[in-house]
Amino acid sequence: MSKSEELNRLKTKCIECRACELGKTRKNIVFSDGSADAKILLIGEAPGADEDASGIPFVGRAGKLLTKLIEDCGFSRKDDFYICNTVKCRPPENRVPTDEEKKLCENFLLEQIKTVNPKVIVLCGATSAKSFLGSKIKISQIRGKWYKLFNNIDTTVIFHPSYLLRNHSEEHGSPRWLTKQDLLKIKEFI
Ligand code: URA
């Protein structure tokens, strides 16, 4: 079975999932975007309203900014990235997903990582980073750092684009500038 076929099979299971309360209020599951053959797998927090309506991760305002930053750094969102979230259903009012919701959804994410088998994992934002690096982390202290996760996969942390939407400056040292440096650094690992 190809990676795409494997992931489609997993997506079908996800559509049937009602393991937590989020399954009751979602419009669509938001499984992934990008390429099953990508070298970079990005994990965000959770779908918002635009993602819930479309079934595609990172398509709202934050997603558009993420796409722009990716493209500004010379990557293709469609070909170079496989994009997903810690949970596949939108939490009501965009609240942060609970530990229990993340745990109940974790198998889908772990299967996605195993199947795509990326060279690099990008943890996008505090919720995603905390899921893998521990609840005590401070995003401002660990963004741009590199870790090894799972079977030795190079993993880094970037600011969430929602945070960057509130910080417009592109000046040297600004959060947007730092995020571009973090994305450019990925090229050394793929
Ligand atoms: N924020 C996220 O973390 N993920 C999305 O898919 C959209 C917004």
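In every chain, residue numbers begin from 1 and rise along the written sequence. Given that the model is predicted, a residue must reach a pLDDT of at least 70 before its local features are reported, and side-chain atom pairs must reach 80 or more before they are shown or counted; all residues, however, enter totals for whole chains, interfaces and linings. Computation of side-chain values: all heavy atoms of the structure, hydrogens and water removed.

A few words on helix α1 (residues 3-16). Under the 1.5 Å per step criterion, the end-to-end length of α1 is 20 Å for 14 residues, consistent within 8% with the ideal 20 Å. The classification of residues rests on relative accessible area computed with a 1.4 Å probe and restricted to protein chains. Under 20% of the type maximum is buried, over 50% is exposed, and intermediate values are partly exposed. Helix and strand labels come from DSSP, where a helix needs a run of H or I of at least four residues and a strand needs a run of E of at least two; each type is numbered from the N terminus. Along α1, the residues that are buried comprise L7, L10 and C14. In a view along the axis of α1, the buried residues occupy a sector of 60 degrees, so they form one face of it. Given a helix with a known number of residues, its expected span is that number minus one, times 1.5 Å. Picture the helix axis, draw a direction to every C-beta atom, and the arc is the one those directions span.

A few words now on the sheet that holds strand β6 (residues 153-158). Pairing between sheet strands relies on hydrogen bonds along the backbone, with the strands arranged either parallel or antiparallel. Pairing within the open sheet is mixed, and its six strands lie in the order β1-β3-β2-β4-β6-β5. Each edge of the sheet is formed by a strand with only one pairing partner; in this case those strands are β1 (33-34) and β5 (146-149). When DSSP finds two or more bridges between a pair of strands, those strands are recorded as paired. In this structure, strand β2 (residues 40-44) lies alongside strand β3 (residues 81-85), joined through five bridges in parallel fashion. Paired with L42 across the two strands is I83, which belongs to β3. Contacts between residues were defined by any pair of non-hydrogen atoms, one from each residue, lying within 4.5 Å. An axis is simply a line fitted to the C-alpha atoms; with a helix, the fit covers only the stretch in contact. Between two such axes, the angle follows the N-to-C directions and lies from 0 to 180 degrees. Seen against the sheet, helix α7 (residues 126-133) touches β2, β4 (120-124), β5 and β6 and runs at an angle of roughly 125 degrees to β4.

Moving on, we come to the site of the ligand. Near the ligand, the surroundings consist of G44, E45, A46, E51, P57, F58, N85 and H160. Take F58: an N or O atom from its main chain is 3.0 Å from an oxygen atom of the ligand. Burial of the ligand by the protein amounts to 92% of the accessible area it has alone, namely 240 Å². Residues are sorted three ways: Asp, Glu, Lys and Arg are charged, Ala, Val, Leu, Ile, Met, Phe, Trp, Tyr, Cys and Pro are nonpolar, and all the rest, Gly among them, are polar. Split into classes, the residues belonging to the shell around the ligand amount to three nonpolar, three polar and two charged. Near, as used in this document, describes a residue that has one of its heavy atoms within 4 Å of the molecule or strand being considered. Pairs of N or O atoms within 3.5 Å make up the polar contacts considered here, provided that, within protein, one atom can donate a hydrogen while the other can accept it, and that residues adjacent in sequence are counted only when both atoms are side-chain atoms. Where accessible areas are quoted, they stem from the Shrake-Rupley method and a 1.4 Å probe; at the residue level, only the protein chains shown are allowed to cover.

At a minimum axis separation of 10 Å, α1 and helix α6 (residues 99-116) run at an interaxial angle of 175 degrees. Taken together, the axes of α1 and α6 lie roughly antiparallel to each other. On the side of α1, the interface is formed by K3, E6, L7, L10, K13 and C14, while α6 contributes F108, E111, Q112, T115 and V116. The residue inventory of the contact of α1 with α6, partitioned by class, reads five nonpolar, two polar and four charged. To sort the angles, those under 35 degrees are grouped as roughly parallel, those over 145 as roughly antiparallel, those from 65 to 115 as roughly perpendicular, and the leftovers as oblique.

This part is about α7. Those residues of α7 lying buried are T127, S128 and A129. On its buried side, α7 packs onto β2, α6, β4, α8 (139-142) and β6. Once α7 finishes, G134 follows within two positions and takes phi at roughly 105 degrees, a positive value.

Here we take up unusual backbone geometry. The phi angle at E93 is positive, at roughly 55 degrees, despite the residue not being glycine. Residue placement: E93 occurs in the loop between β3 and α6.

The rule for a salt bridge is simple: a side-chain nitrogen of Lys or Arg has to be within 4 Å of a carboxyl oxygen of Asp or Glu. Inspection of the entire model under this criterion finds 15 salt bridges. Between E170 and R176 there is a salt bridge, with the nearest N and O atoms lying 3.6 Å from each other. Under the relative-accessibility criterion, R176 is labelled buried at 10%. Taken together, the salt bridges that share partners define one network made up of K68, D72, E170, R176 and K180.

These results come straight from atomic positions and should not be treated as a statement about function.
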